[in-house]
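Structural overview
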Amino acid sequence: QVQLVESGGGLVQAGGSLRLSCAASGRTFSSYAMGWFRQAPGKEREFVAAISRSGGNTVYADSVKGRFTITRDNAKNTVYLQMNSLKPEDTAVYYCAARGRMSNTNYAPVRSYEYDYWGQGTQVTVSS
């Protein structure tokens with residue numbers, strides 16, 4: 001069982017930056033692939049970014065490519081999402097997710113159903 005706690009959300013002006021953090025419980029964090037998803041009001045949850053358990057492979061949604069960066073620190077059991085050049089359309093609740101049982105160290109899941117554990121979410125609001 002893994003518990004995920006996101007932090008770092010808030011209100012920022014367009015063009016600004018935020019860094020989200022997701023702290024995971026447990027001693028096997030390095031065996032999990034990690035992902036970030038978001039859900040805007042009235043919309044379905046969508047993929048944002050994912051990172052393999054090794055950290056060697058990252059995948060991004062086209063809408064955030066070049067602006068967002070996902071990283072992980074296995075010593076701190078934490079995954080980060082650095083968000084730069086934020087736009088109003090980035091406004092959403094951002095969720096951290098973990099996928100266990102990853103024998104492939106370089107696989108970064110992009111579909112929500114591939115993930116086993118979810119955080120409670122953190123609100124990001126970008127004003128124009």
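Owing to the predicted nature of the structure, the values given are computational and were not obtained by experimental measurement. (Residues numbered from 1 in each chain as written. Predicted model: local features only at pLDDT ≥ 70, side-chain atom pairs only at ≥ 80, totals over all residues. Heavy atoms only, no water.)

Let us now look at the sheet that holds strand β8 (residues 78-83). With antiparallel pairing, 4 strands are arranged side by side in an open sheet as β1-β3-β8-β7. Two strands lie at the open edges of the sheet, namely β1 (4-7) and β7 (68-73), each paired on one side alone. The average undirected angle you get between the axes of adjacent strands in this sheet is 15°. (Pairing = 2+ DSSP bridges. Helix = DSSP H or I, 4+ residues; strand = E, 2+ residues; numbered from the N terminus. Axes fitted to C-alpha atoms, helices over the stretch in contact; angles between N-to-C directions.)

Take the side chain of Arg72 next. With respect to the element layout, Arg72 can be found in strand β7. Buried charge Arg72 goes without a salt bridge, the closest partner of opposite sign being Asp73 at 8.3 Å. Here Ser52 takes part through its backbone oxygen, which lies 2.9 Å from a polar atom of the side chain of Arg72. Here Asn74 takes part through its side chain, which lies 2.7 Å from a polar atom of the side chain of Arg72. (Buried < 20%, exposed > 50% of the residue type's maximum accessible area, 1.4 Å probe, protein only. Lys, Arg positive; Asp, Glu negative; His and termini not counted. Salt bridge = Lys/Arg side-chain N within 4 Å of Asp/Glu carboxyl O. Polar contact = N/O pair within 3.5 Å; in protein donor to acceptor, adjacent residues only side chain to side chain.)

Burial along strand β11 (residues 122-127) is one-sided: the face carrying Thr122, Val124 and Val126 is buried and the face carrying Gln123, Thr125 and Ser127 is not. The sheet contact formed by strand β2 (residues 10-13) and β11 spans 4 bridges and is parallel. The residue of β11 that forms the bridge with Leu11 is Thr125. As paired strands, strand β9 (residues 92-99) and β11 are joined by 3 bridges and run antiparallel to one another. Across the sheet, Val93 pairs through a bridge with Gln123, a residue of β11.

Burial of nonpolar side chains together is a common tendency in soluble globular proteins. Leu4, Met34, Trp36, Val79, Leu81, Met83 and Tyr94 are the most contacted members of the largest nonpolar core, which totals 37 residues. Within the residue set of this core, elements represented by two or more residues are β3 (18-24), β4 (33-39), β5 (46-51), β7, β8, β9 and β11. Among residues more than four places away in sequence, those in contact with Tyr94 are Glu6, Leu20, Trp36, Phe37, Arg38, Val48, Phe68, Leu81, Met83, Gly121, Thr122 and Val124. (Core = buried A, V, L, I, M, F, W, Y, C linked by side-chain atoms within 4.5 Å. Contact = heavy atoms within 4.5 Å.)

Bringing unusual backbone geometry into the picture now. Even without glycine at this site, Asn77 takes up a positive phi of about 55°. Mapped onto the elements of the fold, Asn77 is located in the loop between β7 and β8. Phi is positive for Ser85, close to 50°, though the residue is something other than glycine. You can see Ser85 is positioned in the loop between β8 and β9.

To continue, consider the packing of aromatic side chains. Applying the stated criterion across every chain yields a total of 5 aromatic pairs. When the centroid spacing of 6.1 Å and the interplanar angle of 65° are considered together, the rings of Tyr32 and Tyr117 count as edge-to-face. Linking Tyr32 in the loop between β3 and β4 with Tyr117 in strand β10 (residues 117-118), this pair joins segments that are 85 residues apart in sequence. Like Tyr117, Tyr32 is buried. Relative to Phe47, the ring of Phe37 has its centre 5.6 Å away and its plane inclined at 75°; by these criteria the two rings are edge-to-face. (Phe/Tyr/Trp six-rings, centres within 6.5 Å; stacked < 30°, edge-to-face > 60°.)

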